Amino acid sequence: MNFPERLPIPDDVLRIARRLEEAGYETWCVGGAIRDNLLGLENHDFDLTTAAPPGEVRRLFKRTVPVGVEHGTVAVLDREQRAHEVTTFRRDIKTDGRHAVVEFGVSLMDDLARRDFTINAIAYHPGRHEWRDPFRGAADLEGKLIRSVGDPNWRFQEDYLRILRALRFSARFQFRIHPHTLEAAKANVQGLAQLSAERVRDEWFKGITTAARVSKLLTLWLDVGAARIWLPEIRERGAGSGPLRVLDKLPRDPVLITAFLASDPASLLTRLKCSNKDIERGRAIGQWRDKHPDPKHLPEVRRWLSAVGEYADDLLALLTAGSAPRSPLPKIVDSIRAARDPLTVKDLAVTGDDLLAAGVRPGPEVGETLQRLLAEVLEDPKRNTRDGLLSRV
Ligand code: ATP
Ligand code: MG
């Protein structure tokens with residue numbers, strides 16, 4: 001691959017780079033944006049790597065955020081308050097598979113050498129328009145190859161998250177993983193158990209949103225053995241089977257997709273330390289995904305809508321991507337929503353206070369009566385009038 005003469009570096013990034021250079025610190029563009037631009041993909045999110053120590057970066061710019069100073073990363077805010085990451089040339093001197101102790105005051109070459117894959121270790125000088133590609137990342141971009149910088153076993157043992165990053169980039173760009181890198185990923189997969197759930201979750205979710213096909217990402221996680229460790233609730237299925245194809249038809253929603261794949265979604269989402277809201281969503285999906293109403297029976301559809309509440313659209317998405325692509329249920333649901341049929345106790349024409357005034361005893365009986373009235377109204381929405389309901393009490 002020939003390097004282009006120039007890359008379209010945004011003005012704000014150029015300004016930051018120039019400032020650092022004027023202060024005497026060599027500064028280069030690196031990382032994902034270089035890779036993406038070489039692939040012809042739009043990405044304006046250029047990271048900068050510089051000889052300036054973090055303290056100097058903070059001193060040179062008015063507005064900075066120390067996003068990871070111990071690793072040398074400072075975010076510099078531009079005129080529009082957008083953050084640009086500036087990282088000091090660094091070398092990892094001690095690693096334990098999860099964290100690194102880093103040393104500053106090293107060269108660009110050292111900095112590129114500690115990066116994960118050759119395609120992520122290319123640097124471009126925004127002022128001089130020079131390129132540095134000591135690990136032949138451009139050739140791997142052309143050959144569509146994910147390859148570790150240096151010895152893959154060693155590199156994965158420094159930070160096991162790189163195994164998952166390899167899978168993500170492979171699925172995103174539809175690149176092969178180099179045989180030695182793939183072999184090392186499999187050999188070191190047990191190390192993934194040491195990672196924090198948050199890092200694994202972010203990586204898995206990012207993979208789902210960026211993969212060319214989610215089925216490919218899942219196949220990689222299964223083949224390498226990462227799924228066995230972190231996603232054991234995923235019901236294993238052979239490649240090319242029905243569910244894999246369903247996967248590619250679902251909306252790119254990581255929680256929905258993870259829940260779809262899991263035999264016990266709540267347990268999987270809990271392991272991944274998802275929010276309570278996401279775990280509840282997974283639980284509802286697990287509970288309801290095989291219990292769809294008969295679309296021909298309107299009261300049944302209304303009762304279902306009332307019971308599944310905010311999760312109805314998730315369940316409809318799973319239904320139409322999977323077992324029943326031509327189900328009339330979504331249309332029926334639309335018509336019920338358009339008619340504004342009452343579906344919850346809140347929609348009833350009477351309140352708890354009305355029931356008390358009508359002589360219902362305070363206490364659980366109020367809620368029970370409201371539920372009973374709701375059941376009648378779900379059967380026939382025309383019953384939802386104040387007088388009608390009070391006459392039934
Ligand atoms: P994207 O942002 O599209 O996911 P990216 O390559 O920009 O891809 P980032 O996580 O933003 O990924 O990291 C920026 C760069 O930092 C990478 O291109 C890579 O050079 C380096 N890097 C990130 N994470 C690691 C890691 N775990 N080990 C080694 N290098 C890493
Ligand atoms: Mg990035």
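All of these numbers come straight from a predicted model, not from anything done at the bench.

Re the overall build of the protein
Okay, step 1: The helix and strand inventory of the protein stands at 21 helices and eleven strands.
Okay, step 2: Against the globule reference of 21 Å for 393 residues, the protein gives a C-alpha radius of gyration of 28 Å, more extended than a compact globule.
Okay, step 3: A principal-axis box enclosing the C-alpha atoms of the protein has dimensions of 85 × 50 × 40 Å.
Okay, step 4: Split into buried and exposed, the 393 residues of the protein put 49% on the buried side.
Okay, step 5: In the protein, the proportion of contacts linking residues at least 24 apart, taken out of those at least 6 apart, comes to 65%.
Okay, step 6: With an accessible surface of roughly 19,200 Å², the protein has 49% of that area assigned to carbon and sulfur atoms.
Okay, step 7: The averaged location of the 57 negative side-chain charges in the protein is 2 Å from the averaged location of its 61 positive side-chain charges.

Structural notes on the pattern of salt bridges
Okay, step 1: Applying the stated criterion to the full structure yields 33 salt bridges.
Okay, step 2: Among the salt bridges present, the one from Asp202 reaches Arg201, with a minimum N-O distance of 3.3 Å.
Okay, step 3: Judged by relative accessible area, Asp202 falls into the partly exposed class, the value being 45%.
Okay, step 4: In this structure, Arg361 and Glu365 form a salt bridge, with 3.3 Å as the shortest nitrogen-oxygen distance.

Some thoughts on the environment of Asn153
Okay, step 1: With respect to the secondary-structure elements, Asn153 resides in helix H6 (residues 152-158).
Okay, step 2: We classify Asn153 as partly exposed; its relative accessible area is 31%.
Okay, step 3: For the pair formed by Asn153 and Glu26, sequence separation is 127 residues and the distance between their alpha carbons is 32 Å.
Okay, step 4: In this structure the side chain of Asn153 is engaged in a polar contact, spanning 2.8 Å, whose partner is the side chain of Asn188.

Side note on helix H1 (residues 11-22)
Okay, step 1: Compared with an ideal rise of 1.5 Å per residue, which puts twelve residues at 16 Å, H1 spans 16 Å between its outermost C-alpha atoms and is within 8% of the ideal.
Okay, step 2: Among all positions in H1, only Asp12, Val13, Leu14, Ile16, Ala17 and Leu20 are buried.
Okay, step 3: Contacts made by the buried residues of H1 are with strand S1 (27-30), strand S2 (47-50), helix H3 (54-60), strand S4 (73-77) and strand S5 (83-88).
Okay, step 4: Two residues or fewer after H1 comes Gly24, characterised by a positive phi angle close to 100°.

What about the environment of Val246?
Okay, step 1: By the element assignment, Val246 lies in helix H12 (residues 242-247).
Okay, step 2: A relative accessible area of 12% means that Val246 is categorised as buried.
Okay, step 3: Expressed as a C-alpha distance, the spacing of Val246 and Leu319, which sit 73 residues apart in the sequence, is 9.8 Å.
Okay, step 4: Apart from residues lying up to four places away in sequence, Val246 is in contact with Phe260, Ala321 and Gly322.

What about the site of ligand 1?
Okay, step 1: In the vicinity of ligand 1 lie 15 residues, with Arg35, Asn120, Arg162, Arg168 and Lys206 positioned nearest.
Okay, step 2: Interatomic distance of 3.2 Å between a backbone N/O atom of Asp116 and a nitrogen atom of ligand 1.
Okay, step 3: A distance of 3.0 Å separates an oxygen atom of ligand 1 from a polar atom in the side chain of Arg165.
Okay, step 4: For the shell around ligand 1, the secondary-structure elements that each account for two or more residues are helix H2 (32-38) and helix H7 (161-173).
Okay, step 5: In terms of residue class, the shell around ligand 1 is built from one nonpolar, three polar and eleven charged.
Okay, step 6: Built from parts of two domains, the shell around ligand 1 gets at least three residues from each of domain 1 (1-143) and domain 2 (144-268).

A few points about the packing of helix H16 (residues 298-308) against helix H17 (residues 312-321)
Okay, step 1: One way to put it is that H16 packs onto H17 with a least axis distance of 9 Å and a crossing angle of 120°. With respect to H17, the axis of H16 lies oblique. Contact residues: H16 offers Trp304, Leu305 and Val308, while H17 offers Ala312, Leu315 and Leu316.
Okay, step 2: Considering only residue class, the contact of H16 with H17 consists of six nonpolar, no polar and no charged.

Basis of the calculations
Residues numbered from 1 in each chain as written. Chains lettered and ligands numbered in written order. Predicted model: local features only at pLDDT ≥ 70, side-chain atom pairs only at ≥ 80, totals over all residues. Heavy atoms only, no water. Helix = DSSP H or I, 4+ residues; strand = E, 2+ residues; numbered from the N terminus. Rg over C-alpha atoms; globule rule 2.2 N^0.38 Å. Buried < 20%, exposed > 50% of the residue type's maximum accessible area, 1.4 Å probe, protein only. Contact = heavy atoms within 4.5 Å. Areas by Shrake-Rupley, 256 points an atom, 1.4 Å probe, with all protein chains shown as cover. Lys, Arg positive; Asp, Glu negative; His and termini not counted. Charge placed at Lys NZ, Arg CZ, Asp CG, Glu CD. Salt bridge = Lys/Arg side-chain N within 4 Å of Asp/Glu carboxyl O. Polar contact = N/O pair within 3.5 Å; in protein donor to acceptor, adjacent residues only side chain to side chain. Expected span 1.5 Å × (residues − 1). Near = heavy atom within 4 Å. Nonpolar A, V, L, I, M, F, W, Y, C, P; charged D, E, K, R; others polar. Domains from an automatic or database assignment. Axes fitted to C-alpha atoms, helices over the stretch in contact; angles between N-to-C directions. Parallel < 35°, antiparallel > 145°, perpendicular 65-115°, else oblique.

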